[in-house]
Amino acid sequence: MSENKSRRGFIAASTAALAGLTLAPGIRLVEIASAKPDNEPVTSKVRWGMLIDTSRCQSGCTDCVTACGKENGLGEVKKPRTDAQWIRKIDLKELKSGHALSLPMMCQHCAHPPCVDVCPTGASFKRADGIVLVDRHICIGCRYCMMACPYKVRSFVHEPHTDQNPEVPRGQGCVEGCTLCVHRVDRGGTPACVEACAAAGHNAMLFGDLNDPESAIAKRIREVKTTQVRADLKLDLGVRYEGI
Amino acid sequence: MKAIVIAVLWGLTFAAAHAAEPGRTPLPAIAIEKPGQCVEPKELMRRDHMKLLQHQRDKTMHQGIRTKKHSLNECIACHAGQKTGTVLGKDGFCQSCHEYAAVKLDCWDCHQPKPGQKTAGAKP
């Protein structure tokens, strides 16, 4: 096993080194895909991730939550107790020192997702590029994944819906959660929350490919100390936090 | 002999007139409001559109393949009624035929039956 692991590590390292080789400025020997062509499947060469800088995240600002709701058609029913919630803002305060911080919490897109482990139908799955999704065509709404998730970031849709975004189909009887705006990402875009955070001038959310050593997110993670929430569970999260 | 021929001819005429009589046999309203070529031959689409859609559905969901050819959203964009703006309703392209064939349509529990604006999604 350890031999296997080290071999894998070697392959990963050598691929990364190869990918980093540049023939001329801007031209790489192996192109690291960010916007893939429509007809090609996603690959594990890419691992989408997000870095949230809690020092830049403003308490009281909910632009990311609003943008998520608008993009994905959430909140149509207006029943706050049961409405689906893909991202939420959390305010934390250390009582002793009074140190306070604010952060958004959403699906952490684990490399080893417990929701996928427990799903009895295979509806909960992880795409090759690390995005954890629910296939609503297969989901039976049993909600095991909601119980298994350590971050409590999945929601059950209780009410029928009619006002969906054509690109984000959703309806009664299924579990759902943050998709990292997969319909945008597949076109080379960024999630709506990240865009809204940048538009508000906070720039607390950084989205990118964790596998690409040249990407802004990979560089940042290399430079500063970042935290995975409940790192003790060893789930290898796609979403990391800075300053917690 | 002559009487028999006349009778047969009369019978044929009656039968023909009867068949052409509207409203006796319920038929689905298949209104193609946007003329043009479908992505596949008509016969194939009538028989196998559900297979194409299901195949595309799995490829999109699990592999992120978002080609337009067999995409449900593209079907809707073309086949939604000009007036109603949807593929549902009494004469809607999907619903009228599915009602005729008594096949339950559950796509629309989740999918949007009206063509809508695509979201932008700027480059990172």
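Residues numbered from 1 in each chain as written. Chains lettered and ligands numbered in written order. Predicted model: local features only at pLDDT ≥ 70, side-chain atom pairs only at ≥ 80, totals over all residues.

Draft legend 1. Spotlight on the overall build of chain B. For chain B, the helix and strand inventory stands at four helices and zero strands. What you see in chain B, going N to C, is helices and strands ordered as α-α-α-α. Taking all 124 residues of chain B together, the buried fraction comes to 14%. For chain B, the proportion of contacts with a sequence separation of at least 24, taken over those separated by at least 6, is 47%. (Helix = DSSP H or I, 4+ residues; strand = E, 2+ residues; numbered from the N terminus. Buried ≥ 20, exposed ≤ 12 C-beta atoms within 10 Å, placed from the backbone. Contact = placed C-beta atoms within 7 Å.)

Draft legend 2. The arrangement of the overall build of chain A in detail. When its secondary structure is counted, chain A shows seven helices and 12 strands. Classification of the 244 residues of chain A by burial places 39% in the buried group. Considering only residue pairs separated by 6 or more positions, chain A has 60% of its internal contacts joining residues 24 or more positions apart.

Draft legend 3. Geometry of the nonpolar core. The biggest cluster of nonpolar side chains holds 52 residues, and the ones touching the most others in it are Ile52, Cys64, Cys68, Ile87, Cys193 and Met205 of chain A. Secondary structure elements with two or more residues in this core: strand S3 (48-53), helix H2 (63-72), strand S5 (100-106), strand S7 (132-134), helix H5 (182-185), helix H6 (192-199), strand S10 (205-209) and strand S12 (239-242) of chain A. For this core, the element with the most residues is H6 of chain A, which contributes five residues. What Ile87 of chain A contacts, discounting residues up to four positions off in sequence, is Cys64, Val65, Cys68, Pro104, Met106, Cys178 and Cys193 of chain A. Judged by nonpolar contacts, the second largest core, of seven residues, contains Cys75, Ile76, Ala80 and Leu88 of chain B. (Core = buried A, V, L, I, M, F, W, Y, C linked by C-beta atoms within 7 Å.)

Draft legend 4. Examining the sheet that holds S12 of chain A more closely. Residues and elements named next belong to chain A. Strand order in the open sheet formed by four strands is S10-S3-S12-S11, with mixed pairing between adjacent strands. Edge positions in the sheet fall to S10 and strand S11 (226-227), since each has one partner strand and no second. Relative to the sheet, helix H7 (residues 216-223) contacts S3, S10, S11 and S12, its axis offset from that of S10 by approximately 110 degrees. (Pairing = 2+ DSSP bridges. Axes fitted to C-alpha atoms, helices over the stretch in contact; angles between N-to-C directions.)

Draft legend 5. Expanded view of the pairing of strand S4 (residues 87-93) of chain A. All names here are of chain A. Summarising the sheet, S4 and S5 pair through seven bridges and their orientation is antiparallel. Looking across to S5, one finds that Lys93 is bridged to Ala100. The antiparallel hairpin formed by S4 and S5 contains six residues in its connecting segment, where Gly98 sits at a positive phi of about 85 degrees.

Draft legend 6. Inspection of the interface of chain A and chain B at higher detail. The interface of chain A with chain B comprises 27 residues on the first partner and 21 residues on the second. Residue composition of the side of chain A that touches chain B, grouped by class: six nonpolar, 10 polar and 11 charged. (Nonpolar A, V, L, I, M, F, W, Y, C, P; charged D, E, K, R; others polar.)

Draft legend 7. Geometry of the packing of H2 of chain A against H6 of chain A. Residue and element names in this part refer to chain A. Remark: H2 packs on H6, axes separated minimally by 8 Å, with the N-to-C direction vectors making an angle of 135 degrees. As far as their axial angle goes, H6 and H2 are oblique. For the pair H2 and H6, the crossing hand works out as right-handed. Only Ala192, Cys193, Glu195, Ala196 and Cys197 of H6 make contact with H2, whose side of the interface consists of Asp63, Cys64, Thr66, Ala67, Cys68 and Glu71. When its residues are assigned to classes, the contact of H2 with H6 shows seven nonpolar, one polar and three charged. (Parallel < 35°, antiparallel > 145°, perpendicular 65-115°, else oblique. Left-handed = near helix turned anticlockwise from the far one by under 90°.)

Draft legend 8. Seen up close, the confidence of the model for chain B. Residue and element names in this part refer to chain B. Scored by pLDDT, chain B comes out at a mean of 80, with 75% of its residues at no less than 70. The weakest mean pLDDT in chain B belongs to helix H1 (residues 2-20) at 51; the strongest belongs to helix H2 (residues 42-63) at 95. A low-confidence stretch, residues 119-124 stays under pLDDT 50, and its non-local contacts, those more than four residues away or across chains, total 15 contacts. Scored by ipTM, the complex comes to 0.78, with pTM at 0.80. (pLDDT = per-residue confidence, 0-100.)

Draft legend 9. Up close: the environment of Met106 of chain A. Here Met106 of chain A shows up in strand S5. With 62 residues separating them in the primary sequence, Met106 of chain A and Ser44 of chain A have C-alpha atoms 22 Å apart.

Draft legend 10. Looking closely at the confidence of the model for chain A. Scored by pLDDT, chain A has a mean of 88; 86% of the residues are at 70 or more. Across residues 26-33 of chain A, confidence stays below pLDDT 50; counting only partners more than four residues off in sequence or on other chains, it has 13 contacts.

Draft legend 11. Local environment of the pairing of S10 of chain A. Residue and element names in this part refer to chain A. Extensive coverage of S10 is indicated by the burial of five of its five residues. Relative to S10, S3 runs antiparallel, the two sharing five bridges. Looking at the pairing, Ile52 lines up with Met205 of S10.

Draft legend 12. View of unusual backbone geometry. Residue and element names in this part refer to chain A. The phi dihedral of Lys152 falls on the positive side, at around 50 degrees, and the residue is not glycine. Tracing the sequence through the fold places Lys152 in the loop between helix H4 (144-148) and strand S8 (155-156). Look at Asn203: it is not a glycine, yet its phi comes out positive at around 50 degrees. Relative to the helices and strands, Asn203 is located in the loop between H6 and S10.

Draft legend 13. Representation of the environment of Lys70 of chain A in the model. With respect to the helices and strands, Lys70 of chain A occurs in helix H2. Taking C-alpha positions, Lys70 of chain A is 10.0 Å from Gln164 of chain A, a pair spaced 94 residues apart along the chain.

Draft legend 14. Summary view of the environment of Ile65 of chain B. Position of Ile65 of chain B among the secondary structure elements: in the loop between H2 and helix H3 (72-79). Residue classification places Ile65 of chain B among the partly exposed residues on the basis of 19 C-beta atoms within 10 Å. A sequence separation of 38 residues divides Ile65 of chain B from Val103 of chain B, and the C-alpha atoms of the two residues are 28 Å apart. Residues contacting Ile65 of chain B, with those up to four places away along its chain left out, are Asp38, Asn39 and Pro41 of chain A together with Lys59 and Thr60 of chain B.

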